[in-house]
Structure formats: C-alpha cells, structure tokens
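These are the residues of each chain, in order.
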Amino acid sequence: MTNIDNVPIEYTASANNILPQLVDHLRQLHGIIVQNTYVKDTAKHLNRIIQDANNETMILIVGKERVGKTTLVNGLLGRQVLPISDQHPTGVNTFLRYGEHEEIKAYFLDGVVAIFDMSKLELLTTGDTFASQILREHLDYLEVYLKNDLLKSVTIIDSVSLEAGGGEMAYFPEALMNRVDEIFWVLRSGSMAIYPEILLMETLKDKGVEPLCVINAIDSNENTKTFINAERERLGHLISDFVAISAREAIEATQTNSDELWQKSQYEQLISEIHRVAENSDKKTYGILIRFLQWLERFRFELTVIPQRDPFQSAVKNIEKYTGDTQYEFSRYQRDLAIVTEYEQEYEQVADVFKNVQTLYQLLQTISQNDYLQDEIVESFTEKAVAYQQMLREYRNMHSEYIREYDRLDAQHKKIHGKGLMKAIFGQHTQNGFFKERVNKLNEQQLVCIAQYEKVQEAEALMLQSIHSIQSYLMELTKKRLVRIEQKVQELNQQRSKEKCQLQLYANKLNEFSCLMEAQGYIKDNIQPFLMDEQMPLKAKDIDMLKETINSIMSIDLSNNGLLARSQMNNKMENAEIPFDVQKKYPLHTLALAEVDVKSNDIPEIPKKLDVQYEE
C-alpha cells in the first residue's frame, strides 16, 4: 500500500487503462523467469503482484491480541464465519475472498494447496488439537471463499496478532503489508495503542502509509469519545482517520435483524470507508507500479549474485538437502498424513450419517446438519415432511382442546344429571339450555378436527409418495461425497508424486539459464518503453530508479557461466503413497426407512359427534 494522495491528478487520469496492460507485460515476464529455479522466490513474488493487480482491493486488519479483529470481520460478513477463541487467537493470516462455492484453500509453505470444507476452519485457525498444530506449523496462509456481496469489491485479511519483540517493536510481515491497498488498525475502546504499535505506525508513515484507526467495542466504554480524542492527540499524525464501531452489536444486529442495534454499531461508516478504498483505482495502480519497481531491484540483485557463486554446486547441494534431509521429509510427510487423517474422519462421518436415522424427525435433522445432503430435490421433500409434521401437530392440539372441553362439560353434566353426556337422562332441568349450547360448540370443534384430520392424511400421502425415491437420492448424494473425499486423497498423493518429478526435472535443468537472459531482453525491449510512457503515473524519482535498475540488469553477463548439470538427484524423497483404505473399514450405512417409520402411528381418532337431547 502506497500513499498517492499528493500525486497530481494529471498523472493519474489514465490509471484505469494502465493496470490491465501492465498485467499482460508482467505475465509474459513471469512466464519467462519461472523456468529457472534459482529465482523461484522472486518469480513467486512477481506472480503475487500479478494476482494482487487482478484481484479485488485488499484491506488488512491488524492489531494486538483481543481487540476484536476477527469479531469485526464477522460483523462485516453479517454472520459468524471465523471462529473466535479466548484461549487461542487466530493463528494464521486469513484472506476472505468472494466465491460462489464456499470453501477453504490452505496454502502451505512448500507450495502445496489443500482444499477443505468450511467445517474445518476452526481446525486451521484456532484449534488446539495435535492435528491443528501440525497443520499450522506448515501453513503460509488461508483463503476462505464466501458468497458475500461485500467481498465482490474487496478482499479482507484477518491477520494474526501483532508481536512485540523485547517490548520495543511490534512486528508484522512486511511482505504482507506491502501487498495490501489499505490497513485498518484496530484498537479496543479504552485500551491505548502500546509503544511498539506506535513505532510500527511511524515506520509505515515513513513509507507514506497512514492506516485507518478503527476503535472497536464502543458499547463497552461510556467514555469512547474522550478515548478517541486522547488517541487522536497521540496518533493523529500517523493515521488517516478514526472510525468508532461495535463489532459485537453489529453481529447481534444481523442475527436479530435489528435496525436500532445496527445503527448503534456504527458499521455504516466502516463500510463506507471500505467502499472508498475499493473505488480508489488510481491509488491501487500506483501501488502496483511501485511494487514492481521494487521487484525489479530484487531481480537485479538475484542476477548479480548468480555469476559470483558456483550455481551448479549450490543447486545440487540444495536439491540433495531437499531430497536427503530425512527430518524435513518426515515433517512434511506428517503434515500430509494429518491431512489424510482429517479426510478419513470425514469419510467415517459421511459413511455413518444415516446410521442412527430411524424416524422422519431424525432424517430431517440429519439433512439439516449436512450441507452435502441439501439441494432443490431434497428441499422439496423436506417441505412436504415439515408440512406433514406441522399438520399433525395442529391436529393433536385441536384434538386435545376438544377433549379438554368435553371432559369439563361431561363433569358438569354428571354433577347436575348424575350421568355423563353420553348417558344423559332426558329429563327437564333449568341447565339444559346451557348444555345444548355447549354440545353444539363441541360438535363445531369436532367438524374442525375432521377437516384438520383430512389435511393430515393428504400431507401424509404426499410425504409417503416421496419417501422411497428420496432415500435413494440421499444415498447417491452420500456416495458422491465419499467419492469426492477419496479424490482429495488421490489428488494429494498425485501432488506428492508430481513434486518428485519436478525435483528430477530441476536437477536436469541446472544449466538452463537462457531464460534469464531472455528476461533481460524482454525487460529492456518491452517493459522499459511501456513504463517510460509519459502518461504513466510515476514521479520523477520513480523514473530515475527505473532507469538505474534496468541499466544494472542489462550490465549483468550470464552468457559465460558454463553451467552444466551432470548429476543424478538422490532418490531419497519420501514419496510413498499415503494409504486410504476406508471402504471396508467404514462401510456405508444404508438409509432404509419404511412407511411405518416415517408416519405417526398414534394419531388420535376423530371425536364422535354428540347427539344429546332433552325434554322441553
């Protein structure tokens, strides 16, 4: 993120047209240098710049522990997506992106990407199990894809808490801060920014970055205005502005659909700030350009170092270490094993999903608790089943009300006539008019019961028509789920095998530095003229830096290195396929409900009509 608020407007007028062209050039350059393993990390950084240029505006949420960063993000999402734990704060940086299909992509430090269901988010971020700890030790970051309109224009990053080293300096990865377009610095109302935080803010200020300060938990501090004024006095020169919100009230407002609570949360102002950042395309364009200039300097350094060392020997040494370091490989194998263990647990749960389903109620509960059992066809059945249950409940209530009224009138009749309604003495009594009226009302209730009973029968018939076909359909959905889990394990094993092949390929191509010479020519002939265009929103100092860096890159001679790869890679890499023999171990439990299991067998009989007569 780079501050360009002071850039003259005439230099940024064409920013919207520049970014797509720049991305095209960077993709060409990336396609050239990615062939060489010596600049693998540099190529990775370039690819990240390309991705960020194509992606939505990125907003980084930072702050120390327990200021409510994750709660703030959940408030923006309108639901409790990210897990919150008082004992275990968020343990990995989490990118929240828009996606039609909600899922988690876990990016590991060695380049492996694993896909998880949303149910595994707690395991990956705040869980304290052994599997959680192993996974997080190898995690680089997470991408969580959510179907949320706000994420169509921005990517929100829920970050790990700031670390303070020796009480002097708050630490946060500079690479991540450089990627984002805006930083939201979160403080808790009543809890001042600590000295290490201020030092980090000053470091950002030196780079032209002024975060937005978000004051959270205003509902828990009556003196929030005083607190903000005090912090403005201390920090006002380091940040762009203050926004005060209550993340807790925002979440509660969305859960209860309360406009009053939403207004009290003051989230509208925060959302307005997000839209402001998302719409500032000029700032993003300039930021991407500056990041690429910084990348060129990194690339220049990489090329400078190559002729000064023995690339062949060092490359062979690194490959042998990668393939021969049993401790590293064991650790990586344990990580993959932990992933497969999670898949096996999921397989067992899916295979047993109908194990304890013996009634219609249990079937509906099982469907509601498992997303993979839900689609339009299943929803149509559940609507029929729920309608049947509702009709039955209403009939039972009507029947119970009738019986209560009948018992009450029958007792009164016994008291006066000596016998119940059905054994009435047809004699004269002053209360006979009262009984006639009440009997008529009971007969009216009896007619209502008959009508409702017919509705129950109709609803039951509709439900029974679908019960057999829906069970077969649910079993197919379950089988597809099991197949998908097996495919995930197969993909992981394929990826392990692919990695070994890649390593063998790297060993065979140690002498292929021609791609770096091709990159030199592409930078000189294509990228430099493009960036030197007078419409480019670069300052004079940026142009000077560009010229100096490219001249240095072109002065590096890579043609006489004479690198030849004449060795075979040690075949010590742990590449055994991780077994996943689950079909026999966890046989699929069949869903086989009969009609007697799903319909009610104790429906009260329709009350008989009363025909009691009295002498006049």
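Please refer to the structure placed before this passage.
Keep in mind that what you see is a predicted model, and the values were worked out from it rather than measured. (Residues numbered from 1 in each chain as written. Predicted model: local features only at pLDDT ≥ 70, side-chain atom pairs only at ≥ 80, totals over all residues. Heavy atoms only, no water.)

**Regarding unusual backbone geometry**
Item 1. For Arg-66, which is not glycine, the phi torsion reads 60° and is therefore positive.
Item 2. Residue position: Arg-66 is located in the loop between strand S1 (57–62) and helix H3 (69–77).
Item 3. You can call Arg-66 partly exposed: its relative accessible area is 49%.
Item 4. One non-glycine residue, Ala-217, lies in positive phi territory at about 65°.
Item 5. Tracing the backbone through its elements, the reader meets Ala-217 in the loop between strand S10 (212–216) and helix H8 (224–235). (Helix = DSSP H or I, 4+ residues; strand = E, 2+ residues; numbered from the N terminus. Buried < 20%, exposed > 50% of the residue type's maximum accessible area, 1.4 Å probe, protein only.)

**Side note on the packing of aromatic side chains**
Item 1. In the structure shown here, the tally under the stated rule is nine aromatic pairs.
Item 2. Taken together, the ring pairs connect Phe-95, Tyr-107 and Tyr-141 into an aromatic cluster.
Item 3. Here the guanidinium or amino end of Arg-335 rests over the ring plane of Phe-108, the centre of that ring lying 4.6 Å away. (Phe/Tyr/Trp six-rings, centres within 6.5 Å; stacked < 30°, edge-to-face > 60°. Lys NZ or Arg CZ within 6 Å of the ring centre and 35° of its normal.)

**Comments concerning helix H15 (residues 360–369)**
Item 1. Within the span of H15, buried status applies to Leu-360, Leu-363, Leu-364, Thr-366 and Ile-367. Summarising the axial view, the buried residues of H15 lie within an arc of 160°, below the 170-degree limit, and thus occupy one face. Opposite the buried face of H15, at more than 90 degrees from it, the exposed residues are Tyr-361 and Gln-369. (Arc of directions from axis to C-beta.)

**A short note on the pattern of salt bridges**
Item 1. Per the counting criterion, the structure on display carries 32 salt bridges.
Item 2. Residue Glu-182 is joined to Lys-283 by a salt bridge in which the shortest nitrogen-to-oxygen separation is 3.4 Å. A residue pair is termed long-range when its members are at least 10 positions apart, and Glu-182 in strand S9 (residues 182–188) and Lys-283 in helix H12 (residues 281–305) qualify at 101 residues.
Item 3. On the basis of relative accessible area, Lys-283 is assigned to the buried category, the value being 14%.
Item 4. When salt bridges with common partners are traced through the structure, they connect Asp-110, Arg-335, Asp-336 and Arg-496 into a single cluster. (Salt bridge = Lys/Arg side-chain N within 4 Å of Asp/Glu carboxyl O.)

**Points about the packing of H12 against helix H18 (residues 514–531)**
Item 1. Between H12 and H18, whose axes approach to 13 Å, the crossing angle comes to 150°. Between H12 and H18, the crossing angle belongs to the class labelled roughly antiparallel. Of the two elements, H12 crosses H18, and the hand of that crossing is left-handed. Across from Leu-289, Phe-292, Leu-293, Leu-296, Phe-299 and Leu-303 in H12, the residues of H18 making contact are Leu-516, Ala-519, Gln-520, Ile-523, Ile-527 and Leu-531.
Item 2. Taken together, the residues of the contact of H12 with H18 sort by class into eleven nonpolar, one polar and no charged. (Axes fitted to C-alpha atoms, helices over the stretch in contact; angles between N-to-C directions. Parallel < 35°, antiparallel > 145°, perpendicular 65-115°, else oblique. Left-handed = near helix turned anticlockwise from the far one by under 90°. Contact = heavy atoms within 4.5 Å. Nonpolar A, V, L, I, M, F, W, Y, C, P; charged D, E, K, R; others polar.)

**What to know about the environment of Ile-467**
Item 1. Residue position: Ile-467 is located in helix H17 (residues 432–508).
Item 2. With relative accessibility at 0%, the residue Ile-467 sits in the buried group.
Item 3. The sequence separation of Ile-467 and Glu-595 amounts to 128 residues, and the corresponding C-alpha distance is 7.8 Å.

**Notes on the sheet that holds strand S2 (residues 94–98)**
Item 1. Taken in spatial order, the nine strands line up as S4-S3-S5-S2-S6-S1-S9-S10-S11 in an open sheet, and their pairing is mixed. Taken across any chain shown, the strands that pair with only one partner, and hence form the sheet edges, are strand S4 (113–116) and strand S11 (241–244). In this sheet, adjacent strand axes meet at a mean angle of 25° when their direction is disregarded.
Item 2. Direction of pairing for strand S3 (residues 103–108) relative to strand S5 (residues 139–146): antiparallel, over a ladder of six bridges. (Pairing = 2+ DSSP bridges.)

**Quick look at the side chain of Ser-600**
Item 1. With respect to the helices and strands, Ser-600 occurs in the segment after helix H20 (595–598).
Item 2. For Ser-600, the contacting residues outside a window of four places in its chain are Tyr-388, Leu-392, Arg-396 and Glu-460.

**Quick notes on helix H19 (residues 540–554)**
Residue pairs spaced three or four apart in an α-helix point in one direction, given the helix's 3.6 residues per turn.
Item 1. The first and last C-alpha atoms of H19 sit 22 Å apart over 15 residues, in line with the 21 Å expected at 1.5 Å per residue.
Item 2. Residues of H19 that are buried: Asp-542, Ile-543, Leu-546, Thr-549, Ile-550 and Ile-553. Along the axis of H19, the buried residues cluster in a sector spanning 135°; they form a single face. Counted as exposed and oriented over 90 degrees from the buried face of H19: Ala-540, Lys-541 and Glu-548.
Item 3. Looking at the buried side of H19, the elements it contacts are H12 and H18. (Expected span 1.5 Å × (residues − 1).)

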